[in-house]
Every structure is written in structure tokens, then in C-alpha cells.
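Coordinate inspection notes
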Amino acid sequence: MTISLKGSGSVLLGALIFLNACDSPSPKQEPKGMEQKVETPQKAAHSSSWSYEGETSPEHWNEILDHSECGGSRQSPINIYTEEVSIGESGLDFDASFYNEETDIESITNNGHTIQYNFVSDKNYMVYQGDKYVLKQFHFHAPSEHTLNGVRYPLEVHMVHHNEEKNDFLVMGFFAVQGKPDPAFAFLGKYLPIQVGETKAIDNDAFDFSQAYSGVEGDEKETFYHYKGSLTTPPCSEKVNWFVSGTPVNASLEQINMLKDLMPKDNYRGIQPLNDRKVIAQEFSWE
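Residues numbered from 1 in each chain as written. Predicted model: local features only at pLDDT ≥ 70, side-chain atom pairs only at ≥ 80, totals over all residues. Heavy atoms only, no water.

The next subject is the overall build of the protein. Within the protein, the regular secondary structure consists of four helices and 19 strands. For the protein, the computed accessible surface area is about 12,500 Å², with 45% contributed by carbon and sulfur atoms. (Helix = DSSP H or I, 4+ residues; strand = E, 2+ residues; numbered from the N terminus. Areas by Shrake-Rupley, 256 points an atom, 1.4 Å probe, with all protein chains shown as cover.)

Following this line, the structure appears as C-alpha cells:
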């Protein structure tokens, strides 16, 4: 979807990938306070030494991996409990951020942990606290890693942005629910299936997401929840600025399953303790 912010020529990529959130079936509900991935733009170290099940599952990551931060105090994902968030400015500057209306996806990879779409250009970026974070890739988790008021959604999309100078990340998280088919998912699905370890080039096949989505109309607003966290896959580095949308997007059951069936079962890390961190909620208006 492409959604322009009021007074700005920027385009949000949550917009670029999906949109049209509407009524959904009841996602899985988990208790408040339950303590339970973002892949880095680079190839994850020791990627074959961890998994989502058995003796190499998330519960054991900190034990089996050297030089990881998986046992740290600022880990992700978390449960976002909306009654306890702070309302304020997050430092995300949508007016200065920009996404092309047409994608420039370079390739798609099945790395054995997720399905990942890769970018090489620096044309798409978000601005946070005055610094530019370039979109490197987006990937999927089924079911979702973050939960919202204890609700775990069928799918979560992570849009991974990187600041080379600081070597830290900005990740936009979007929940997806079962609903109407989404043209963006149909476009992405053209390159599936893809086998573990395989990478497919995407050449000369741009898609204008602005034609696929109506966006959020009028004075409607979308809330993003911001907190300081970590990568949700090893090495679980605590250098991620998270922005999780509170507005789920739609995909058909078939579209959700086309991704889910190619990834490990339940490729999500459990909820981590919030500890002394604050979650900031900020509303943005779309035009």
C-alpha cells in the first residue's frame, strides 16, 4: 500500500506491503503479563545452530550460542498492553521519511527461518531522531511475535531498516489477520514456493502498491507503539528501535498459508519481560 502523510510526499511501507485493515476473526488470546525475529540485513551468524523447536529452541538460545545477547534485559518481542503505554512523541519523523511508490525488491530468500524479501538500494528509508534508516528487507513470522493486549495474530511482518553509521536498526512491525485477499500478497506470492537455502532474483518486475490499496481515509489515525528492544533472532542484539502498528492488515487464509507453509512451524520467539522499559504510543494521520 502507499499511504501519504498529510503535508508530506513520503510514503509509508506498511503501506507498501499491505493495508485495508478490517474486521477479523478472534486471534489467539494470551494472558496479560505472560512472559515468553528480526533477521539482520546481514546473514545471521551460526544460522544453522538455532531453531524454533527442541534443544535449539528460543528457550536455549542463550545457552547454546556464544556472544549472544539473548539473555539480556531489553529483549524482544513484548506484549504491548495499551492501558500501560505512554502517549507522546516517539522521535519517528514520517514527514522526512520516504518510500518509492514502486518496489525495487532485488531478491527473495528462504533462509530456513523465514521468507525474506531483500532490497539493495537506499531509496526507501525512515527518519528517526534525525537519522536515516534504510530499508534492507522484510520478512514474516507465523503466528505473530509481538502480542497486543495478549492477542497473538496469525502473521507478523517485520520491515528491517538499518543505520550504517550507528549500526543499529529500526523495525516496523505489522500484524496481519485473515480477511479479504490482498493484491500485495498476490504480487509477492508470484515468487513462491522457494526452497530452504534458495534465493531467487526479482528482475524488472516493479509493482505500484498505490494501485492496490485505498489507505486509511479522512481523519483516521494509526497508532504505532515504540520501544527499545532487540533482534528477535540470534544474536538478539539489543540495538533495535521498534515501531509496532496497532492496526492489523488483511490477507486471505490462502495468502497467509502460502508463507506459513514455507517457514518452520511457529517461527516466533516468545514474549520477553518488559523490565523497566517504556512503550510510547504515537498517532499519525493519513490522507
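So much for the structure itself; the text now carries on.
Low pLDDT marks regions whose predicted coordinates should not be analysed in detail. In the predicted model, the protein carries a mean pLDDT of 81, and 77% of its residues have values of at least 70. In the model, residues 1-26 has pLDDT below 50 throughout and makes 107 contacts with residues more than four positions away in sequence or in other chains. (pLDDT = per-residue confidence, 0-100. Contact = heavy atoms within 4.5 Å.)

So, on to the environment of Asn-110. Mapped onto the elements, Asn-110 comes out in strand E7 (residues 105-110). For Asn-110, a relative accessible area of 2% translates into the label buried. Residues Asn-110 and Leu-262, 152 residues apart in the sequence, show an inter-C-alpha distance of 8.0 Å. Among all residues touching Asn-110, those that are not within four sequence positions of it are Ile-115, Ile-194, Gln-195, Val-196, Gly-197, Glu-198 and Leu-262. A polar side-chain atom of Asn-110 sits 3.0 Å from the main-chain amide nitrogen of Gly-112. (Buried < 20%, exposed > 50% of the residue type's maximum accessible area, 1.4 Å probe, protein only. Polar contact = N/O pair within 3.5 Å; in protein donor to acceptor, adjacent residues only side chain to side chain.)

Now for the state of the cysteines. According to the stated counting rule, one finds one disulfide in the structure shown. The disulfide partner of Cys-70 is Cys-236, and the S-S distance across this bridge is 2.1 Å. Judged by the sign of its S-S torsion, about 75°, the bond between Cys-70 and Cys-236 is right-handed. Here Cys-70 is found in the loop between helix H2 (61-64) and strand E4 (79-80), whereas its partner Cys-236 is found in the loop between strand E16 (221-229) and strand E17 (240-245), with 166 residues between them in sequence. In this pair, the class of Cys-70 matches that of Cys-236, namely buried. (Disulfide = S-S within 2.5 Å.)

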